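Structural overview
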There are 2 protein chains.
Amino acid sequence: MELWYTEEHTNNVRFTIKIDKQIHSEQSPFQRIDFFDTHEFGRIFTLDGIIMLTEKDEFIYHDMIVHVPMAVNPNIKKVLVIGGGDGGTVRELTRYNTIESIEMVEIDQRVVECCREYMPQTSSKLDDARVKLLFEDGIKFISNKENEYDLIIVDSTDPIGPGEGLFTEEFYRNCYKALKDDGILVNQHESPYYNNTARLMKRTHKRIKQFFPIAKVYQAHIPTYASGHWLFGFASKKYDPVKDLDDKYWNSLGLETKYYNTELHKGAFALPNYVIKMLED
Amino acid sequence: MELWYTEEHTNNVRFTIKIDKQIHSEQSPFQRIDFFDTHEFGRIFTLDGIIMLTEKDEFIYHDMIVHVPMAVNPNIKKVLVIGGGDGGTVRELTRYNTIESIEMVEIDQRVVECCREYMPQTSSKLDDARVKLLFEDGIKFISNKENEYDLIIVDSTDPIGPGEGLFTEEFYRNCYKALKDDGILVNQHESPYYNNTARLMKRTHKRIKQFFPIAKVYQAHIPTYASGHWLFGFASKKYDPVKDLDDKYWNSLGLETKYYNTELHKGAFALPNYVIKMLED
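This structure is a prediction, so every number in the text was calculated from the model and none was measured.

**Comments concerning the sheet that holds strand β10 (residues 179-188) of chain A**
Residues and elements named next belong to chain A.
- Pairing is mixed in the open sheet, where seven strands are placed in the order β8-β7-β6-β9-β10-β12-β11. The outermost strands of the open sheet, each flanked by one partner alone, are β8 (131-134) and β11 (214-221). If you compare each strand with its neighbour and ignore which way they point, the axes differ by 15 degrees on average.
- Bridge count for strand β9 (residues 149-155) against β10 is five bridges, and the pairing is parallel. Bridging from a neighbouring strand, Ile153 pairs with Val186 of β10.

Quick look at the structure:
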């Protein structure tokens, strides 16, 4: 028997993975949740038929969404994670002893429960004493926060379905308000390559730029996301992600990372011309 | 009717593209040659069922294989291209008025003839007066050259089939000999992501390092190659690709590029930790 999982990256492009077996499947109140064991990527976790993470390469996404802001401001103490139900972002954050509080607001409690059961590689640090899990709508949660966080990480699905509201102007305005004067907002920022995600990427950047004086985009190689060329947004009231990189401090921490390093940090903000042009449009 | 092209990136991973129609197909003395029109990528060109280039993203590969060495040494006058039958590498080289001679040694004359007919986007500059086309075995061609070239670009297929001999120790030794004292060797260097190509990537780097005092690896996002995370090798007797980058000079040329810029040049050499580790092993 052969079992193959197929994801449509566009209407004309498909990415197909050989499956060993399906581990779990359910429809939560918000989305379809699946786990598979694969020969190539180890266990994979999908939402509504889109790969969220694989055991093989989740380190790339989680390194880049966490260590980039942490290496810019070593004084980050209070962090808000919106989404991120698999726990990978929290896992990386808990490696910093200087962080005092991590609130994770995940709309779908079943994602967290399933990842605790089927994806221990990412969910292992959700019980850290500094972590507070809140199962509610991140959009509502942030609307009445003011001057409270040093860092907000939006670790969301694509802007279709439950993640849609995390890409609106109102949401970014509320993130700005919820951040302290030297606060940083990092979010997953889609891909520039295929037209469908490029459109979302441009719109997202345009919206964030309205509120944040510093709004940059950085890239990583994530082969299990559409096109493998994935972007993150770095927005701040004060810090430039390259000029203010505190590489001496970060390297003094001695954290072992499989993807991130401070040279790559600088390199990740050096975008191809066609992406720069899209962001300027 | 639906027509789909499928490429196996590994035994367990498939990349599938919707085809509008097949434009040409033949078996040359060396390999199977195909051209397709696609909805997503425009025309695509494959050899032995592996995508060599697509109209949509060939600019990424050709920008990175040509402009990186050209921005390091502005005095490059005599260039040897081994492989590169589609003409994209030659096209980018002809944009430099300072280059006096480009020899292109392609083993398969039918690749060049087919690309002239079916891929004008890349083959358009093969008639430039400075270009000399030689349809012979690059391995033999280079074996009796000495102190002759400023730049050798190995624009080859994977090290399986006709491209195999372009990844051997003997070949790199001959490249070293064929280069002048300040010569540069650039080659396509496979991908670090899947085990099958990572093995070839490590072996290639190990072999090049034996002969060249400076041997670095740089990366680009090429979504239509396996994993989208593709590497190039930069080897030189004298020049460091980052320290010796002459960005002022290169930017003064005013060349328009869709992928390459001199900030990205520096960033491309900042590799992820897992790739650095593979190269050091």
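**A look at the nonpolar core**
- Residues Met64 and Leu93 of chain A together with Met64 and Leu93 of chain B are the most contacted members of the largest nonpolar core, which totals 128 residues.
- Aside from chain neighbours lying at most four places away, what touches Met64 of chain A is Pro69, Tyr218, Gln219, Ala220, Phe232, Tyr259, Tyr260, Leu264 and Ala268 of chain A.

**A look at unusual backbone geometry**
All names here are of chain A.
- One non-glycine residue, Ser227, lies in positive phi territory at about 80 degrees.
- Within the secondary structure, Ser227 sits in the loop between β11 and β12 (229-236).
- Taking the relative accessible area as the measure of exposure, Ser227 reaches 8% and is therefore buried.

**Digging into the packing of helix α7 (residues 195-209) of chain B against helix α10 (residues 273-280) of chain B**
All names here are of chain B.
- In the contact formed by α7 and α10, the axes pass within 8 Å of each other and the chain directions differ by 55 degrees. Relative to α10, the element α7 lies oblique. The chirality of how α7 crosses α10 is right-handed. Contacts between α7 and α10 involve Ala198, Met201, Lys202, His205 and Lys209 from the former and Val275, Met278 and Leu279 from the latter.
- When grouped by side-chain class, the residues that make up the contact of α7 with α10 number five nonpolar, one polar and two charged.

**Concerning the pattern of salt bridges**
- A full pass over the atoms with the stated rule returns 34 salt bridges over all chains.
- Notably, a salt bridge pairs Lys266 of chain A with Asp247 of chain A, separated by 3.8 Å at the nearest N-O pair. Of this pair, Lys266 of chain A sits in helix α9 (residues 262-268) while Asp247 of chain A sits in helix α8 (residues 247-252); the two residues are 19 residues apart in sequence, bridging distant segments of the chain.
- In this structure, Asp240 of chain B engages Lys216 of chain B in a salt bridge whose closest nitrogen and oxygen atoms are separated by 2.8 Å. Note that Asp240 of chain B is positioned in the loop between β12 (229-236) and α8 (247-252) and Lys216 of chain B in strand β11 (residues 214-221), a separation of 24 residues in sequence.
- On the accessibility criterion, Lys216 of chain B (35% relative accessible area) is partly exposed.
- One salt-bridge network, in which partners are shared between bridges, spans Glu58, Arg91, Glu92 and Arg95 of chain A.

**Quick look at the relation of the copies chain B and chain A**
- Note on the identical chains: chain B maps onto chain A by a rotation of 180 degrees and an axial translation of 0.0 Å, with an RMSD of 0.0 Å. Both copies of the chain, as the preceding transformation shows, are related through a two-fold rotation axis. Residue Gly267 of chain B, judged by its C-alpha, is the member of chain B lying nearest the rotation axis, at 1.8 Å.
- Take the interface residues of chain B: 100% of them recur as interface residues in chain A, which is what a same-surface contact looks like.

**Focus on the UniProt feature "domain: PABS" (unreviewed entry) in chain A**
- According to UniProt, the positions carrying the feature "domain: PABS" (unreviewed entry) are residues 2-237 of chain A.
- From the first C-alpha to the last, residues 2-237 of chain A spans 52 Å; its make-up is 28% helix and 38% strand.

**Quick word on helix α1 (residues 58-72) of chain B**
All names here are of chain B.
- If you check α1, its first and last C-alpha atoms are 22 Å apart, about what 15 residues at 1.5 Å a residue would give, namely 21 Å.
- Maximal helix bending in α1 amounts to about 25 degrees, located at Met64.
- The element α1 is extensively covered by neighbouring structure, given that 15 of its 15 residues are classed as buried.

**What about the interface of chain B and chain A?**
- Residue-level contacts link 41 residues of chain B with 41 residues of chain A.
- Counting each side, the surface lost to burial between chain B and chain A is near 3,400 Å², with a carbon and sulfur contribution of 57%.
- Considering only the side of chain B, the residues that lose the most area to chain A are Asn12, Tyr193 and His221 of chain B, jointly responsible for 21% of the buried surface there.
- At the boundary of chain B with chain A, the tally comes to zero salt bridges.
- For the side of chain B that touches chain A, the secondary-structure elements that each account for two or more residues are β1 (3-10), β2 (13-27), β11, α9 (262-268) and α10 of chain B.
- It is β2 of chain B that provides the largest number of residues to the side of chain B that touches chain A, a total of six residues.
- One ladder, built from five bridges, connects strand β2 (residues 13-27) of chain A with β2 of chain B; its direction is antiparallel.

**Topic: the domain arrangement of chain A**
Residues and elements named next belong to chain A.
- Partitioning chain A into structural domains gives domain 1 (3-54) and domain 2 (58-280).
- Each of domain 1 and domain 2 was reduced to a C-alpha centroid, and the two centroids are 23 Å apart.
- Facing the 23 residues of domain 1 at the interface are 22 residues of domain 2.
- Broken down residue by residue, the surface that domain 1 buries against domain 2 is led by His9, Phe30 and Leu53, which jointly contribute 28%.
- Linking Arg110 and Glu26 is a salt bridge whose minimum nitrogen-to-oxygen distance equals 2.6 Å.
- Broken down by secondary-structure element, the contributors of at least two residues to the side of domain 1 that touches domain 2 are β1 (3-10), β2, β3 (32-38), β4 (42-47) and β5 (50-54).
- For the side of domain 1 that touches domain 2, the class distribution of residues is 14 nonpolar, six polar and three charged.

Conventions used here
Residues numbered from 1 in each chain as written. Chains lettered and ligands numbered in written order. Predicted model: local features only at pLDDT ≥ 70, side-chain atom pairs only at ≥ 80, totals over all residues. Heavy atoms only, no water. Pairing = 2+ DSSP bridges. Helix = DSSP H or I, 4+ residues; strand = E, 2+ residues; numbered from the N terminus. Axes fitted to C-alpha atoms, helices over the stretch in contact; angles between N-to-C directions. Core = buried A, V, L, I, M, F, W, Y, C linked by side-chain atoms within 4.5 Å. Buried < 20%, exposed > 50% of the residue type's maximum accessible area, 1.4 Å probe, protein only. Contact = heavy atoms within 4.5 Å. Parallel < 35°, antiparallel > 145°, perpendicular 65-115°, else oblique. Left-handed = near helix turned anticlockwise from the far one by under 90°. Nonpolar A, V, L, I, M, F, W, Y, C, P; charged D, E, K, R; others polar. Salt bridge = Lys/Arg side-chain N within 4 Å of Asp/Glu carboxyl O. Least-squares fit on C-alpha atoms with pLDDT ≥ 70 in both. UniProt positions renumbered as here; feature names shortened; annotations may be inferred. Expected span 1.5 Å × (residues − 1). Bend = angle between axes of the 7 residues up to and from the residue. Buried area = accessible area lost by both parts, 1.4 Å probe. Domains from an automatic or database assignment.

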